[in-house]
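Structural features, examined
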Amino acid sequence: MLEKALKGSPRYWGTLIGLGLLMLLGMGFWLYQLVHGLVITGMSRDVSWGFYIAQFTYLVGVAASAVMLVLPYYFHHYKQFAKMIILGEFLAIAAVSMCMGFIVVDLGQPQRMLNVMINATPHSMLFWDMCVLMGYLFLNILVGWTSLQAFKNDMAPPHWCKVLAIVSVIWAFSIHTVTAFLIAGLPGRHYFLTAVMAARFLASAFCAGPAILLLLTLLVRKLTGFDPGDKALKRLAVIITYAMCVNVFLYLCELFTAFYSNMPGHIAPIRFLFSGLDGHYELVPFMWTAVVLGLGCLVILIPTSIREKTPALVLGLIMLVISTWIDKGLALMIGGFTPNPFETVTSYLPTVPELMVSVMIFALGGIILTVLWKIAIEVRVEVEGGNLSMVPPPAESE
Amino acid sequence: MKSNRREFLKLAAVSAMGVGAARLGFLGDAPAFAGPLPTAADFEKGFKAKHWGMAVFSAKFTPELIEKCRTACHTEHNVPDIPGKKQIKWFWGASYHEAFPTEQGQFLSEDVEHREFPLLCNHCEQPMCVRVCPTQATFQRPDGIVMMDFHRCIGCRYCMAGCPFGARSFNFQDPRPFIHNFNPHYPTRMRGVVEKCDFCAERLAIGKLPVCVEAAGGALVFGDLGDENSDIRKVLREHFAIRRKPDAGTSPSVYYIL
Ligand code: SF4
Ligand code: SF4
């Protein structure tokens, strides 16, 4: 099936070349980082994890999107998701690859990376995170590829493949839980030290991941005419809405715990994020944007009548993605490290080289995703008939 | 490369001139030059303890004394002098509010309020940094000292996130150009690894006290917390002492007498 990645429209190649150029550009900055060290980032003694690790935690969530399809499909035999499942699995592959990329660029000594395996340390959460991420990547490649192959040959996927798909559902929960545990057990970091961290990770993952998946699917439907079915899209939108409600609820739980208990350590990072602390207001505009977008997207997504109109849905999903990205891809790390162990504030904002290195990894993820989705969609079209570039976008049905 | 060669030449010069030389002016004032290279006999008289700890007579510390200890420690261990928020700190001074933020002290006695407290790694009994390190580059010795293997560290900085005391520093860049008084008796670090105070484990091994303890002239008491007859236990019996952030559950081995 790989050969399907080698033939494509100018638009396909244009996308790949564009992403490739971005990646090369970012790679230049990465080389610069390799030569000079992490000094090129905005991180410091006090804020020792920054944009890279934040993207990692966010993308672990995106990798979850598959679960929201695989779970109803395999556990509840919800067949409408049949066409989308493969997209979810392939998105997971791209997301996990980006996660690993972000970990690698964040290391001070990347060439010693294998030390984590050579000196396997079960009491370190990072060791387990590496295990579950690699396992999840492997599971998704195996399940995704095998079931696509089976579909192409018009056969039922082998039994072991179904078993592994079910394993991957449970596994997806583990990647979020372990990534949350990575930060949830640190005694000196009040913003991290909360029992609902894993639950918050799952909730935000189960809204943000599928939201990205749904947006990309709508885009692909527009561009290629590949239609995963209206019912599937609607159902996914409902799942996203519920997950976002839970996500907001869990955040409110955090606020209650911090402010009702009146524990200074727990209040300080939230103050820093929403109203500034010690003259540092860097994140305040971001946080309020997140609040407005987060609540705004619920206004759009909760009423069925609005949600089922595609333009409104797209707007709501974009708002949701931005809001959850600010919460997890920016504020979670910075809020965790501010105030620092001396209860003072050291400011952090990512530097341009840091952002460019991140662009490299996002572009890499984009390439993986484009190639994999191209293969998946072409196989679909080949089996079901129809000419990709010719099919007009289906008329919208309410 | 260039700085490597320079270091090599310095080392060669030291051995050529005989390491007994009291002070080699052109190399700066690294205190280690006062003594010869340790011999096998030195290692035989190394200090041993059940659990090393430190008591700090904080009232005796002036900013000048902290600076003296800091310089002694940083020179001994080739700690680079990097300005700004990416600096490396093994031993440093901080206000009461920074040192004991969870005490939330209000209406403090003038004296305590304006006192500067010396800070360093607490060599905790339950060190979070050891628990989180994925490579065991940070490890705890049976005598309680929390050590770092700079050659195994991958620079993930998880230990920095784990330590509730801000006791660790990361080499964001090559530290060697920032070392002004090179001490050939102690290794320099490379870029991309974490470092921190090691209770002068290399000095204890040859029967010497930590350099900061020597420099403090009695304001720091170092000894075996596991031995009730030790000096430090005696000091702690006689004075009221607190530890930093006891609620973090790491059980620090550094005690502050107010
Ligand atoms: S003070 Fe920090 S670095 Fe030192 S042993 Fe305790 S947790 Fe580890
Ligand atoms: S930075 Fe080094 S010492 Fe710290 S946790 Fe990572 S590997 Fe261990």
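Residues numbered from 1 in each chain as written. Chains lettered and ligands numbered in written order. Predicted model: local features only at pLDDT ≥ 70, side-chain atom pairs only at ≥ 80, totals over all residues. Heavy atoms only, no water.

**Points about the environment of Ala203(A)**
All names here are of chain A. Within the fold, Ala203 resides in helix α8 (residues 197-224). Residues Ala203 and Ala258 lie 55 residues apart in sequence; the distance between their C-alpha atoms is 20 Å. Excluding anything up to four places from it in sequence, Ala203 contacts Ala243, Val246, Asn247 and Leu250. (Helix = DSSP H or I, 4+ residues; strand = E, 2+ residues; numbered from the N terminus. Contact = heavy atoms within 4.5 Å.)

**Focus: the environment of Pro80(B)**
Residues and elements named next belong to chain B. For Pro80, the location among the structural elements is in the loop between α3 (63-76) and β2 (91-95). You can call Pro80 buried: its relative accessible area is 3%. Separated by 102 residues in the primary sequence, Pro80 and Phe182 have C-alpha atoms spaced 9.6 Å apart. When near neighbours in sequence (up to four residues on either side) are disregarded, Pro80 contacts Ile88, Asn171, Pro175, Phe178, Ile179, Arg189 and Glu195. (Buried < 20%, exposed > 50% of the residue type's maximum accessible area, 1.4 Å probe, protein only.)

**Brief notes about the interface of chain A and chain B**
Listed as interface residues are 45 residues of chain A and, on the opposing side, 47 residues of chain B. In this assembly, chain A packs against chain B so that about 3600 Å² is buried in total across both faces, 54% of it on carbon and sulfur atoms. Considering only the side of chain A, the residues that lose the most area to chain B are Arg45(A), Arg112(A) and Phe342(A), jointly responsible for 22% of the buried surface there. Where chain A packs against chain B, one counts 1 salt bridge. The salt bridge partner of Asp106(A) is Arg157(B), with a shortest N-O separation of 2.6 Å. At the boundary of chain A with chain B, the tally comes to 31 residue pairs in polar contact (both at pLDDT 80 or more). (Buried area = accessible area lost by both parts, 1.4 Å probe. Salt bridge = Lys/Arg side-chain N within 4 Å of Asp/Glu carboxyl O. Polar contact = N/O pair within 3.5 Å; in protein donor to acceptor, adjacent residues only side chain to side chain.)

**Points about the site of ligand 1**
Every one of the 14 residues lining ligand 1 counts as a neighbour, but Cys121(B), Asn122(B), Cys124(B), Cys129(B) and Cys163(B) are closest to it. Residues that form the shell around ligand 1 fall into these classes: 10 nonpolar, 2 polar and 2 charged. (Near = heavy atom within 4 Å. Nonpolar A, V, L, I, M, F, W, Y, C, P; charged D, E, K, R; others polar.)

**Describing the pairing of strand β1 (residues 52-57) of chain B**
Residues and elements named next belong to chain B. Counting buried positions along β1 yields 6 of 6 residues, so the element is predominantly enclosed. Both faces of β1 are covered, namely the face carrying Trp52, Met54 and Val56 and the face carrying Gly53, Ala55 and Phe57. Looking at chain direction, β1 and strand β8 (residues 220-224) are connected through 5 bridges and run antiparallel. Across the sheet, the residue bridging to Gly53 is Gly223, located in β8. (Pairing = 2+ DSSP bridges.)

**Some points on α3(B)**
Residues and elements named next belong to chain B. Given a rise of 1.5 Å per residue, 14 residues ought to cover 20 Å, and the 20 Å separating the end C-alpha atoms of α3 matches this to within 8%. All buried positions along α3 are accounted for by Leu65, Ile66, Cys69, Ala72, Cys73, His74, Thr75 and Glu76. Along its buried surface, α3 packs onto β2, β3 (116-120), α8 (201-204) and α9 (211-216). Asn78 occupies a position one or two residues after α3 and carries a positive phi of about 50 degrees. (Expected span 1.5 Å × (residues − 1).)

**What to know about the confidence of the model for chain A**
A residue-level look at chain A finds 96% of positions with pLDDT of 70 or above and a mean pLDDT of 91. Here residues 387-398 of chain A scores under 50 on pLDDT; set against residues more than four positions off or in separate chains, the count is 17 contacts. (pLDDT = per-residue confidence, 0-100.)

**Things to note about the sheet that holds β1(B)**
Working definition: the strands of a sheet are paired by backbone hydrogen bonds and lie parallel or antiparallel to each other. All names here are of chain B. Reading across the sheet, the 4 strands line up as β8-β1-β10-β9 and stay open at both edges, with mixed pairing between neighbours. What marks the edges here is a single partner per strand, and that holds for β8 and β9 (241-242). Note: β9 against strand β10 (residues 254-257), 2 bridges, orientation antiparallel. By the bridge assignment, Ala241 is partnered in β10 with Ile257.

**Things to note about the layout of surface pockets**
Of the voids in this model, the largest pocket is the one considered here, and its volume is about 900 Å³. Lining the largest pocket are 30 residues, with Thr15(A), Leu219(A), Val220(A), Thr370(A) and Trp373(A) sitting closest to its centre. A per-element tally of the lining of the largest pocket places helix α14 (residues 352-384) of chain A first, with 9 residues. Split into classes, the residues belonging to the lining of the largest pocket amount to 17 nonpolar, 9 polar and 4 charged. Here the second largest pocket is characterised by a volume of approximately 550 Å³. Forming the walls of the second largest pocket are 27 residues, and the residues nearest its centre are His190(A), Gly265(A), Glu343(A), Pro101(B) and Gln104(B). Those elements that place two or more of their residues in the lining of the second largest pocket are α10 (264-274) of chain A together with α4 (96-99) of chain B. The biggest single contributor to the lining of the second largest pocket is α10(A), with 4 residues. Considered class by class, the residues forming the lining of the second largest pocket number 13 nonpolar, 9 polar and 5 charged. (1 Å grid on protein atoms, 1.4 Å probe; cavity = no way out; pocket = protein on both sides within 12 Å on 5 of 7 lines; lining within 4 Å. Points joined across faces, edges and corners; volume = space filled by probe spheres on them.)

**Describing the environment of Trp128(A)**
Turning to its location among the elements, Trp128(A) is positioned in helix α6 (residues 125-152). In this structure, the C-alpha to C-alpha distance between Trp128(A) and Val178(A), residues 50 residues apart in sequence, is 7.0 Å.

**Quick word on the packing of aromatic side chains**
Aromatic rings considered in pairs are described by the distance between their centres and by the relative angle of their planes. All names here are of chain A. Taken as a whole and assessed by the stated rule, the structure comprises 24 aromatic pairs over all chains. A ring pair is formed by Phe127 and Trp128, whose centres lie 5.1 Å apart and whose planes are at 70 degrees; its orientation type is edge-to-face. You can call Phe127 buried: its relative accessible area is 11%. When the ring of Phe173 is compared with that of Phe206, the centres are 5.4 Å apart and the planes differ by 75 degrees; the resulting orientation is edge-to-face. Within this pair, whereas Phe173 is found in helix α7 (residues 159-184), its partner Phe206 is found in helix α8, the two being separated by 33 residues in sequence. The class for Phe173 is partly exposed, based on a relative accessible area of 30%. (Phe/Tyr/Trp six-rings, centres within 6.5 Å; stacked < 30°, edge-to-face > 60°.)

**Digging into the side chain of Lys245(B)**
Looking at the secondary structure, you find Lys245(B) in the loop between β9 and β10. Reaching out from Lys245(B), the side chain makes a polar contact with the backbone oxygen of Pro164(B) at a distance of 2.6 Å. Non-local contacts of Lys245(B), meaning those with residues more than four positions away in its chain, are made with Pro341(A), Pro101(B), Thr102(B), Pro164(B) and Phe165(B).

**Observations concerning unusual backbone geometry**
Cis geometry is adopted by the peptide bond preceding Pro339(A), which originates at Thr338(A) and carries an omega value of -5 degrees. Looking at where Pro339(A) falls in the secondary structure, it is placed in the loop between α13 (310-337) and α14. Here Lys245(B), not a glycine, exhibits a phi torsion of approximately 40 degrees, which is positive. With relative accessibility at 6%, the residue Lys245(B) sits in the buried group.

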